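Close look at the chain arrangement
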Amino acid sequence: MKIQPVKHRTLAETVAGRLAASMIDGNLPPGDQLPPERVLMSQLGVSRATLREALKALEENSLIESRPNVGWFARTIDESNVTQARELAQSAASHSGSPASDEAPTGPIRLPILPEKPIRIPNLQKDRLGTFDFISWWERDKVQNAKVLVVGAGALGNEVIKNLALMGIGNIFVVDFDRIEAANLSRSVLFREADNTRSKAEVAAARAKSINPQVHVQYLNGDVTAQLGLGVIRRMDVVIGCLDNREARLAVNRFCYWMNKPWVDGAIQELLGLVRVFVPGQGACYECTLNETALRDLSLRYSCPLLARQNILLGKVPTTPTIASIIGAMQSQEALKLINGMPVEPGKVIHFNGMVNQMHTTAYVPREDCESHWTFGEVTELPARAERTSLNDMLRIARADLGPEAFIELDQELVISLECPSCHTIEKILRPLSEVTFEAGHCPTCGVLRDSQLTHTITGQEDFLHRTLASVGVPALHILRAQNGIEYRFYELTGDLPEALHFNHFERTEPLKIDRPVKERIRLKGPVELKDAQKSPARGRIRLKDEKKTAAPAQPSGGRIRIREQSRDRLAGRGDPPTSRRRKDSSALKLRPPAQRVKLC
Ligand SMILES: [Zn+2]
Ligand SMILES: [Zn+2]
């Protein structure tokens, strides 16, 4: 790779370019006198010296002329000076874009200057984002209104969050379950020594707000795989993954696919790094990039679920602050391009090798049978909240839409009970897998690792239907899936919206008004009568909805909503207690193999 000198462009040249552009656009007609120097200085936010340098450049290019003791006048743009005018205007408008290397076949695409961008002369003394207006494709409104979710506030996350705040990305949501320790200080620009043991997400969000008080921030001190409602992702423009393990990446990948959102992954180790953009339906997704061994690894780890979780939390990768800067910068930049509607290269990976300073891009092959390629259909917004709604309430709503056969699929396994194989004691647990530690899996009496009875479906037979959604691990503002073996419905707990998504952490003013639920589609007036489900007339009314209707408009492929046949139910009958429920498996949407009773190790 050839390294070429970067041409330095002064502020005066940029100002001259802006003035040339307004002449081309006819805002400064030929023969007109330019405003007095003092006015121009204040409009352009530059010093007298800079302005004079710019005017001199315009004069040298025959674009303006000086009339002694009168002032500067615009000249007619004709064949003699049109080239100079265009070059000046173009260089000013694209001064931040770096010239791409000619050798790279997959390199960035040079964009034409957008003629419709109105000329705005910022006040550089008062407007912190003013210079961005000189970038031809920069759309201030889009950037200021953008909502970006940053998953992970470690070395990469720190760099990404810093960049987003500097660029004035309007709304930044930070999620991380971890706490700050001394070893983070060597690679985390947002953390200080006094922050020891504080939540990474909280500190990173607070520092983003102090870097740029104009941005709105929110943080969640929690695990993205289990504690972030899908409704949050549904309202984001871009998700940036700053993660250090495969399980979390896989979860983010699925959530983004389900919600049809682009996400930017970054990974670093020592001096090596990679960046990749994934857009649902455009090329490979993260799961497509995993080979058979990696996928088998993941499923093996899930055959021992409690231990798998433990291992994820312990995973540590050696990194340097320098590689975190490089890769974090590229991730932020890709996110910025997505926000501005610029072309990106989904399904490809950019490798950076800092040992030899080599960079190359390769494309992944999308896999037809990839389990992640699902996009949710139309989401029904319910005025319900995870803390207040019971499993029974949710089931009634689903049955009103889907008939008496409808059941709910949870996104995470629910540990119903733990049974000791040696002393045969059974302890009722009823907590989500993420809240049961490996240690708690052991028998308190004899110390043996116990078998856990898991489920992820709610069929109506359970003896815990009075429990709230929150108590079985459903996060606030989550979107639940229900199905009847023929079609799916998606229900959002939109009642949680004001608390779960507000972007007003660390604001001194009143809380922001976030959009209220648009539609309320609960049509249920009373409990559904299910005296004789077999003879119920509702049975005959279950119909396969037009799949195009249920598919998201941007993803017209109705084929993504698939129902797994019940014959796929691989539940091993032997040893199952008589209370064991019929399991309607939907493993296609799950990370885990559908074993109801799992030997822990
Ligand atoms: Zn895939
Ligand atoms: Zn025991």
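Just above sits the structure.
Here the residue numbers are simple positions, counted from 1 along each chain's written sequence. The naming scheme follows written order: chains are lettered A onward, ligands numbered 1 onward. Side-chain atom pairs in this predicted model are given and counted only at pLDDT of 80 or more, local residue features only at pLDDT of at least 70, and totals for whole chains, interfaces and linings cover all residues. To obtain the side-chain values, all non-hydrogen atoms of the structure were included, while hydrogens and water were left out.

Considering the coordination of the zinc ion (ligand 2)
Counted as donors are the N, O and S atoms within 2.8 Å of the metal, or 3.2 Å for Na, K and Ca, while water is not among the atoms, so some sites may look incomplete. Around the zinc ion (ligand 2), the protein contributes the donor atoms Cys 420 (SG), Cys 423 (SG), Cys 443 (SG) and Cys 446 (SG), which lie 2.2 to 2.3 Å from the metal centre. All geometry calls rest on donor angles, where a four-donor set with angles between 85 and 135 degrees is tetrahedral, four- and six-donor sets with opposite donors more than 155 degrees apart and all others between 65 and 115 are square planar and octahedral, and all else is irregular. Note that the zinc ion (ligand 2) binds four donor atoms; their angles at the metal cover 101 to 128°, and the shape is tetrahedral. Mapped onto the polypeptide sequence, the residues donating to the zinc ion (ligand 2) form the spacing pattern C-x2-C-x19-C-x2-C. With a gap of 23 residues between them, Cys 420 in the loop between strand S12 (407-419) and strand S13 (426-432) and Cys 443 in the loop between S13 and strand S14 (451-458) connect regions that are remote in the sequence. The pair Cys 420 / Cys 443 is uniform in exposure class, with both members buried. A helix here means a DSSP run of H or I that spans at least four residues, while a strand means a run of E at least two residues long, and both kinds are numbered starting from the N terminus. Exposure classes here rest on a 1.4 Å probe applied to the protein chains alone. A residue is buried below 20% of its type maximum, exposed above 50%, and partly exposed in between.

Points about the side chain of Asn 158
Checked against the element boundaries, Asn 158 lands in helix H6 (residues 155-167). One polar contact links the side chain of Asn 158 to the main-chain carbonyl oxygen of Ala 153, over a distance of 3.1 Å. Whenever two N or O atoms come within 3.5 Å, that pair is a polar contact, provided that in protein one can donate a hydrogen and the other can accept it, and provided that, for residues adjacent in sequence, both atoms are side-chain atoms.

A closer look at the packing of aromatic side chains
Ring pairs shown here join Phe, Tyr and Trp side chains whose ring centres sit within 6.5 Å, with only the six-membered ring taken for Trp; geometry is labelled stacked below 30 degrees between planes, edge-to-face above 60, and tilted in between. Enumeration over the complete set of coordinates arrives at twelve aromatic pairs. With a centroid separation of 5.9 Å and 25° between ring planes, the pair formed by Tyr 219 and Phe 506 is classed as stacked. Of the two residues, Tyr 219 sits in strand S5 (residues 216-221) while Phe 506 sits in the loop between helix H15 (497-500) and helix H16 (547-550), which places them 287 residues apart along the sequence. On the basis of relative accessible area, Phe 506 is assigned to the partly exposed category, the value being 35%. Taking 6.1 Å as the distance between ring centres and 90° as the angle between the ring planes, the aromatic pair formed by Trp 374 and Tyr 488 counts as edge-to-face. With Trp 374 in the loop between strand S10 (358-363) and strand S11 (379-382) and Tyr 488 in strand S16 (residues 488-493), the pair connects residues that are 114 residues apart, well separated along the chain. Grouping residues by exposure puts Trp 374 and Tyr 488 together as buried.

Focus on the pattern of salt bridges
Basic side-chain nitrogens of Lys or Arg form a salt bridge, by our definition, when they fall within 4 Å of a carboxyl oxygen of Asp or Glu. Under the counting rule described, the total for this entry stands at 33 salt bridges. A salt bridge links Lys 142 to Glu 139, with the shortest nitrogen-to-oxygen separation between them at 3.4 Å. A salt bridge links Glu 202 to Arg 198, with the shortest nitrogen-to-oxygen separation between them at 3.9 Å. The exposure class assigned to Glu 202 is partly exposed, which follows from its relative accessible area of 23%.

A word on unusual backbone geometry
Residues other than glycine seldom take positive phi values, yet Ser 62 does so here, at roughly 60°. Within the element layout of this structure, Ser 62 appears in the loop between helix H3 (48-60) and strand S1 (64-67). Backbone geometry places Thr 197, a non-glycine residue, at a positive phi of 75°. On the basis of relative accessibility, which here comes to 53%, the residue Thr 197 falls in the exposed class.

Notes on helix H2 (residues 37-44)
Regarding H2, the residues found buried are Glu 37, Leu 40, Met 41 and Leu 44. Buried residues of H2 fall within an arc of 100° about the axis and therefore sit on the same side. Of the exposed residues in H2, the ones pointing more than 90 degrees away from its buried face are Arg 38 and Ser 42. Throughout, a contact is declared for two residues whenever any of their heavy atoms are within 4.5 Å. Packing partners of the buried residues in H2 comprise helix H1 (11-24) and H3. By construction, the arc corresponds to the directions joining the helix axis to the C-beta atoms.

Topic: the pairing of strand S6 (residues 238-241)
Burial along S6 is two-sided: Val 238 and Ile 240 facing one way and Val 239 and Gly 241 facing the other are all buried. When DSSP locates at least two bridges between a pair of strands, those strands are taken to pair. Across three bridges, S6 lies against strand S7 (residues 263-269) in parallel orientation. Bridging across to S7, Val 239 finds its partner in Trp 263. Running through helix H10 (residues 246-259), the crossover from S6 to the neighbouring parallel element S7 is right-handed. Seen with its strands pointing away from the viewer, a crossover is right-handed when the path leading from the first strand over the helix to the second is clockwise.

Observations concerning the environment of Ser 186
Note on placement: Ser 186 falls in the loop between strand S4 (171-176) and helix H7 (200-211). Residue classification places Ser 186 among the partly exposed residues on the basis of a relative accessible area of 43%. Here the alpha-carbon distance between Ser 186 and Thr 320, two residues 134 residues apart in the chain, equals 8.1 Å. Within polar-contact distance, the side chain of Ser 186 engages the backbone oxygen of Ala 183 at 3.2 Å. A polar contact is formed between the side chain of Ser 186 and the side chain of Arg 187, at a distance of 2.9 Å.

Comments concerning the coordination of the zinc ion (ligand 1)
At 2.0 to 2.3 Å from the zinc ion (ligand 1) lie its protein donor atoms, namely Cys 285 (SG), Cys 288 (SG), Cys 370 (SG) and His 373 (NE2). Read from N- to C-terminus, the donor residues coordinating the zinc ion (ligand 1) fall into the pattern C-x2-C-x81-C-x2-H. With a gap of 85 residues between them, Cys 285 in the loop between strand S8 (272-278) and helix H11 (292-302) and Cys 370 in the loop between S10 and S11 connect regions that are remote in the sequence. Across the pair, exposure class does not vary: Cys 285 and Cys 370 are buried alike.

Looking at the sheet that holds S10
With respect to topology, eight strands assemble into an open sheet ordered S5-S4-S3-S6-S7-S8-S9-S10, the strand pairing being mixed. Here the strands that pair on one side only, and so sit at the sheet edges, are S5 and S10. Across the sheet, the mean angle separating the axes of adjacent strands is 15° when strand polarity is ignored. As paired elements, strand S3 (residues 147-151) and S4 share five bridges and run parallel to each other. The residue of S4 that forms the bridge with Val 148 is Ile 172. Strands in contact with H6 are S3, S4, S6 and S7; relative to S3, the strand with the most contacts, it is inclined by about 165°. To obtain each axis, a line is fitted to C-alpha atoms, and for helices this fit is confined to the stretch in contact; angles are then taken between N-to-C directions over 0 to 180 degrees. Strands S3, S6, S7, S8, strand S9 (348-353) and S10 of the sheet are contacted by helix H13 (residues 321-339), whose axis makes an angle of about 170° with S7.

Some words on H13
Under the convention used throughout, the expected extent of a helix is 1.5 Å for every residue step, that is, one less than its residue count. Between the first and last C-alpha of H13 there are 26 Å, a value that for 19 residues agrees with the 27 Å anticipated at 1.5 Å per step. At the exit of H13 stands Gly 341, carrying a positive phi of roughly 70°.

Some points on a nonpolar patch on the surface
Patch definition: residues above 30% relative accessible area lacking any salt bridge, with like charges linked at up to 9 Å and the nonpolar side chains Val, Leu, Ile, Met, Phe, Trp and Tyr linked at up to 5 Å. Accessible surface is estimated by sampling points in the Shrake-Rupley manner with a 1.4 Å probe; for residues, cover comes only from the protein chains shown. A surface patch of nonpolar side chains, amounting to about 370 Å² of accessible area, comprises Leu 271, Leu 272, Met 355 and Val 356. The topology assignment puts Val 356 in the loop between S9 and S10.

Section: the environment of Asn 61
With respect to the secondary-structure elements, Asn 61 resides in the loop between H3 and S1. Its relative accessible area of 22% is what places Asn 61 among the partly exposed residues. Once the C-alpha coordinates of Asn 61 and Gln 84 are considered, the two residues, 23 residues apart in sequence, prove to be 6.2 Å apart. Ignoring any residue separated from it by four or fewer positions in sequence, one finds Asn 61 in contact with Asn 81, Gln 84 and Leu 88.

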